[in-house]
Amino acid sequence: MTLPLVVGVDGSDSSLLAVDWAVDEAARHGLPLKLLYGSLWERYEGGLPSLSGDRPSEQVLAEHIVASAAERAARRDPDVKVTTEIVPQEGADALVRAGDDAFAVVTGARGRGPFKAMLLGSVGLTVAARASCPVIVVRGDRAGLAGEHERILLGLGEADTGTRALEFAYREAGTRGCGLDVVRAWRRPVHDRSGAGYEEQAAALLAASVEGPSAEFPRVRTYPAVVEGPAAKVLVDRSAAADLVIVGARRRTDRFGLQLGRVGHALLHHAECPVAVVPERA
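An account of the accompanying structure is given in this report. If you're wondering where the values come from, they're calculated on a predicted model, not measured in any experiment. (Residues numbered from 1 in each chain as written. Predicted model: local features only at pLDDT ≥ 70, side-chain atom pairs only at ≥ 80, totals over all residues. Heavy atoms only, no water.)

## Thoughts on the overall build of the protein chain
Across its full length, the protein chain carries nine helices and 10 strands. Across the 282 residues of the protein chain, 48% fall into the buried class. The long-range fraction of contacts in the protein chain, counting pairs at least 24 apart against all pairs at least 6 apart in sequence, stands at 80%. When the accessible surface of the protein chain is split by element, carbon and sulfur atoms take 51% of a total near 13900 Å². (Helix = DSSP H or I, 4+ residues; strand = E, 2+ residues; numbered from the N terminus. Buried < 20%, exposed > 50% of the residue type's maximum accessible area, 1.4 Å probe, protein only. Contact = heavy atoms within 4.5 Å. Areas by Shrake-Rupley, 256 points an atom, 1.4 Å probe, with all protein chains shown as cover.)

If you want it as structure tokens, here you go:
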């Protein structure tokens, strides 16, 4: 069975951008698209828009949101198979659960809640930190959203956060037919002014990491680079020339709460293109 690409919708402009991006992504990979709306109606009752002279039921509003998103998806690419689902759960919980049977989950960068000015909405942050599948938060400038750079950027972390992220990045670059920048950031310790050996260690880790995927995806043009500096800053800066930036994230089954590293957190708030967080299971 082909797993769907799931995109969260809530009627916000941000979620509509996510729908557009997800339609294109589903078409590239030949995936069905599921539009998912999740909400506890009573919590948002005071902020619902009016769709007619009488105040509609929350169920009618939900149906209107998913129908509008489905119509938008069909206009963008009628060949992508689209289904919809309305779940009476918090949006983040619904998307995390849907991620157990999804190719990936896609969200907008902001919702239509009371904190629209935040750099990243709570739903996107929570799903990226908890889901068992890759999560893509759609954000960034017009060029990055449109895929005009024809480059994928992968931030290579440690061995326990990189295997699935590498596979995801190579598959994405292969599907798009674009170049793949694999970047490993390194920093010299404060107490060691010489910095001897640290760049070489980073280069060795990078070379060993890309050897297998490069052989599996020989048509992907790989551009490895080791860069001195904080990983978060290096990747945020380079995201301005990418169509998607990808990082791995460690998932510990013996721990609860949000599990998202500092680099992933920074990218989700500041990257200039969509961000994919790919979990590894410990």
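## A few points about the nonpolar core
Core analysis: the biggest nonpolar cluster contains 46 residues, and Leu5, Leu33, Val106, Ile136, Leu180 and Ile246 have the highest contact counts within it. Not counting residues up to four positions away in its chain, the partners in contact with valine 106 are Leu5, Val6, Val7, Gly8, Ala18, Trp21, Ala22, Ile136 and Val138. Within the second largest apolar cluster, 35 residues are counted, among which are Ala94, Ala128, Val247 and Val275. (Core = buried A, V, L, I, M, F, W, Y, C linked by side-chain atoms within 4.5 Å.)

## A short note on unusual backbone geometry
Leave glycine aside and you will find that most residues have negative phi; peptide bonds, for their part, are mostly trans. Phi is positive for glutamate 150, which is not a glycine, with a value near 55°. For glutamate 150, the location among the structural elements is in the loop between helix 5 (142–146) and strand 6 (151–155). The exposed category is assigned to glutamate 150, whose relative accessible area is 53%.

## Looking at the pairing of strand 2 (residues 33–38)
Among the six residues of strand 2, five are classified as buried, and the element is accordingly described as predominantly covered. Here strand 1 (residues 5–8) runs beside strand 2; their pairing, made up of four bridges, is parallel. Its bridge partner lying in strand 2, glycine 8 is registered against leucine 36. Following the backbone out of strand 1, through helix 1 (residues 13–29) and into the adjacent parallel strand 2, one traces a crossover that is right-handed. Looking at chain direction, strand 2 and strand 3 (residues 82–87) are connected through six bridges and run parallel. Bridge assignment links glycine 38 to a residue of strand 3, and that residue is valine 87. (Pairing = 2+ DSSP bridges. Right-handed = clockwise from strand over helix to strand, strands pointing away.)

## Some remarks on the pattern of salt bridges
Evaluated as defined, the whole model comprises 13 salt bridges. Note that glutamate 25 is salt-bridged to arginine 28, the shortest N-O span being 2.7 Å. Residue glutamate 25 and its partner arginine 28 are located together in helix 1, separated by three residues, close to a single helical turn. Overall, the relative accessible area of 1% leaves glutamate 25 in the buried class. Between arginine 171 and glutamate 167 there is a salt bridge, with the nearest N and O atoms lying 2.7 Å from each other. Within this pair, arginine 171 and its partner glutamate 167 are both found in helix 6 (residues 163–176), separated by four residues, close to a single helical turn. By relative accessible area, arginine 171 is classed as partly exposed at 28%. Look at glutamate 167 and you get partly exposed, because its relative accessible area is 37%. By sharing partners, the salt bridges in this structure join Glu25, Arg28, Glu172 and Arg176 into a single network. (Salt bridge = Lys/Arg side-chain N within 4 Å of Asp/Glu carboxyl O.)

## A closer look at the environment of valine 80
Checked against the element boundaries, valine 80 lands in the loop between helix 2 (58–76) and strand 3. With a relative accessible area of 10%, valine 80 lands in the buried category. The spacing of valine 80 and proline 32 is 48 residues in sequence and 6.3 Å in space, taken between C-alpha atoms. Setting aside residues no more than four positions away along its own chain, valine 80 makes contact with Val23, Ala26, Ala27, Leu31 and Leu33.

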